[in-house]
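Observations on the three-dimensional arrangement
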Amino acid sequence: MKKIHMVDLNGQYHAIKEQVNNSISSILETSAFINGSDVKAFQKELEAYLGVKHVIPCANGTDALQIAMMGLGLEPGDEVITADFTFAATVEVIALLRLTPVLVDVEPDTFNIDVAAIERAITSKTKAIVPVHLFGQCANMDAILELAERHNLYVIEDNAQAIGANHTFQNGKKQKAGTMGHVGSTSFFPSKNLGCYGDGGALFTNDDALAHTLRGIVNHGMYERYHHDVVGVNSRLDSIQAAVLRAKLPKLDEYCMERRNAARKYNGAFDGVENIVIPKTVNDCNGICDSCDCHVFHQYTLKITNGKRDALVGHLAEKGIPCGVYYPIPLHRQKAYLDNRYNEADFVVTNQLVKEVISLPMHTELDDEQINHITATVIGFVNG
């Protein structure tokens, strides 16, 4: 059996090796390392894939979130509501801009932000909602967009984990993750479904005026060299990273399908097994339906309900099987974000999830032998 990786970037690289190597060689020859032709081409290709008017490339996903909030003109003291159960980057940029983060609980099955909790948290100071499309599927955007419109709030989608996923609205309309709010952000960190070979990110919007502002912010506030029209930052996608992303973008749907196929096999092994709860898709399919496009499985995350999660992590390490705990500490308990406003009774789901969740290897190169070994090892330990 091949060595099991949490993410097998090397195996994926070999399938696109010739195109990637040729593109990088071309960039080295032209020395167009910043804002070269590959960046501009990738921007247009991603706009076409997402069906969005404007893609603004930037240096990383954290910058994308910060730039989105800067572009919307949020000011110190404005409250921004987001999920307690996610990576710190989401709340980090809120604090960096001296906005007020407001953390709320998530749903116990999809792990996405709880809309009822959002509504309870809205005050006269609330200016924006940041739904995080966690682990590969969208939050309840029908309800979030309706709530935002009713309260005149911005919606900033954190789409770092769900690029390629579709959201099907109640009227049957489909839209790509990251393109439904006022602005969306994503990360191209190497382990993402669409990842480069370093750091990278992007913003998405259909608002022409906002797109213009964002393009200035990412480039020191300049639209014309040495003319600084807005306060900006230095956050640009390198040409080499854009070239890698151009090689991968045409294969993104295939990558997502391969991840779904792996998730189906995991589900088939774990379904009905005592003390193991398999992932639930937002459309509440029985397992993962054949036409599934709502979940792209950036992570395959189980809940271990008999208190053996931490011991399972150690057991898998002993067996040479990588895994991850995303996330072991709620954001409201992190030292940097402690706040007397928070009440533990408002985070019942998150506080339970951090004790139970475990993510198994998930990538495009998983084979049946590896999946069978992983699932047998997990089941044998959890119920052994």
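The text that follows walks through the structure, step by step, so that each part is easy to find. In this text the structure is predicted, and so the values were computed from the model without any measurement.

1. With respect to the packing of helix 11 (residues 309-318) against helix 13 (residues 368-382)
Orientation of helix 11 relative to helix 13, taken along the N-to-C sense of each, is 135°, at an axis distance of 10 Å. Our classification of the angle between helix 11 and helix 13 gives oblique. Between helix 11 and helix 13 lies a crossing whose hand is right-handed. For the pair helix 11 and helix 13, the contacting residues are Ala311, Leu312, His315 and Leu316 in the first and Thr377, Val378, Phe381 and Val382 in the second. For the contact of helix 11 with helix 13, the class distribution of residues is six nonpolar, two polar and no charged.

2. Section: the sheet that holds strand 12 (residues 276-277)
Two orientations exist for strands paired in a sheet by backbone hydrogen bonds: parallel and antiparallel. Taken together, the three strands give an open sheet; going across it, the order is 12-13-14, and neighbouring strands pair in antiparallel fashion. The open sheet has two edge strands, strand 12 and strand 14 (357-360), and neither has a second partner. Of the pairings in the sheet, the one linking strand 12 to strand 13 (residues 300-304) comprises two bridges and is antiparallel in character. Of the residues in strand 13, the one forming a bridge with isoleucine 276 is isoleucine 304.

3. Looking at a nonpolar patch on the surface
Where nonpolar side chains cluster on the molecular surface, the patch consists of Leu28, Phe33 and Ile34 and spans about 270 Å² of accessible area. One can find phenylalanine 33 in the loop between helix 2 (17-30) and helix 3 (37-50). The exposure class assigned to phenylalanine 33 is partly exposed, which follows from its relative accessible area of 37%.

4. Side note on helix 3
For helix 3, with 14 residues, the first-to-last C-alpha span of 20 Å sits near the 20 Å given by 1.5 Å per residue. Of all the positions in helix 3, only Asp38, Val39, Phe42, Gln43, Leu46, Glu47, Tyr49 and Leu50 are classed as buried. Downstream of helix 3 by one or two residues, glycine 51 has phi in the positive range, about 70°.

5. Some remarks on the layout of surface pockets
By volume, the largest pocket is sized at about 530 Å³. If you go around the largest pocket, you meet 26 residues; those closest to its centre are Phe87, Gln161, Ser187, Phe189 and Lys192. If you list the elements that add at least two residues to the lining of the largest pocket, you get helix 4 (61-71), helix 5 (89-96) and strand 8 (183-187). Of the residues forming the lining of the largest pocket, the biggest block, three residues, is contributed by helix 4. Split into classes, the residues belonging to the lining of the largest pocket amount to 12 nonpolar, 11 polar and three charged. Reported here for the second largest pocket is a volume of approximately 370 Å³. Lining the second largest pocket are 16 residues; nearest its centre among them are Asn35, Gln43, Arg215, Val218 and Asn219.

6. Brief notes about the packing of aromatic side chains
Overall, the coordinates contain 12 aromatic pairs when judged by the stated rule. On the basis of an interplanar angle of 20° and a centroid distance of 6.4 Å, the ring pair of phenylalanine 135 and tyrosine 327 is categorised as stacked. Here tyrosine 327 lies in the loop between helix 11 and helix 12 (348-356) and phenylalanine 135 lies in the loop between strand 4 (126-130) and helix 7 (141-151), a separation of 192 residues in the sequence. Overall, the relative accessible area of 10% leaves tyrosine 327 in the buried class.

7. Comments concerning the environment of leucine 245
In this structure, leucine 245 sits in helix 9 (residues 239-248). For leucine 245, a relative accessible area of 0% puts it in the buried group. Spatially, the C-alpha atoms of leucine 245 and tyrosine 197 are 8.8 Å apart, while their sequence positions differ by 48 residues.

8. Describing the nonpolar core
Counting residues in hydrophobic clusters, the biggest one holds 61 residues, and the most contacted among them are Phe42, Leu46, Phe85, Ile118, Ile144 and Phe188. When residues in this core are grouped by element, the largest group, five residues, is from helix 3. Contact partners of phenylalanine 42, with chain neighbours within four places excluded, come to Phe188, Leu194, Leu237, Ala242, Leu245, Arg246 and Leu249. Ile276, Ile288, Ile358 and Met362 belong to the second-largest nonpolar core, a separate cluster that totals 26 residues.

9. Observations regarding the sheet that holds strand 3 (residues 100-104)
In space, the seven strands of this open sheet follow the order 1-9-8-5-4-2-3, with mixed pairing throughout. Edge positions in the open sheet fall to strand 1 (54-58) and strand 3, since each of these has one partner strand only. Strand after strand, the sheet turns through a mean of 25° between neighbouring axes, direction not considered. Here four bridges tie strand 8 to strand 9 (residues 201-205), and the two strands are oriented antiparallel to one another. Paired with serine 185 across the bridge in strand 9 is leucine 203. Lying over the sheet, helix 7 contacts strand 4 and strand 5 (154-158), oriented at roughly 150° with respect to strand 5.

Conventions adopted
- Residues numbered from 1 in each chain as written.
- Predicted model: local features only at pLDDT ≥ 70, side-chain atom pairs only at ≥ 80, totals over all residues.
- Heavy atoms only, no water.
- Axes fitted to C-alpha atoms, helices over the stretch in contact; angles between N-to-C directions.
- Helix = DSSP H or I, 4+ residues; strand = E, 2+ residues; numbered from the N terminus.
- Parallel < 35°, antiparallel > 145°, perpendicular 65-115°, else oblique.
- Left-handed = near helix turned anticlockwise from the far one by under 90°.
- Contact = heavy atoms within 4.5 Å.
- Nonpolar A, V, L, I, M, F, W, Y, C, P; charged D, E, K, R; others polar.
- Pairing = 2+ DSSP bridges.
- Patch = residues over 30% accessible without salt bridge, like charges linked within 9 Å, V, L, I, M, F, W, Y side chains within 5 Å.
- Areas by Shrake-Rupley, 256 points an atom, 1.4 Å probe, with all protein chains shown as cover.
- Salt bridge = Lys/Arg side-chain N within 4 Å of Asp/Glu carboxyl O.
- Buried < 20%, exposed > 50% of the residue type's maximum accessible area, 1.4 Å probe, protein only.
- Expected span 1.5 Å × (residues − 1).
- 1 Å grid on protein atoms, 1.4 Å probe; cavity = no way out; pocket = protein on both sides within 12 Å on 5 of 7 lines; lining within 4 Å.
- Points joined across faces, edges and corners; volume = space filled by probe spheres on them.
- Phe/Tyr/Trp six-rings, centres within 6.5 Å; stacked < 30°, edge-to-face > 60°.
- Core = buried A, V, L, I, M, F, W, Y, C linked by side-chain atoms within 4.5 Å.

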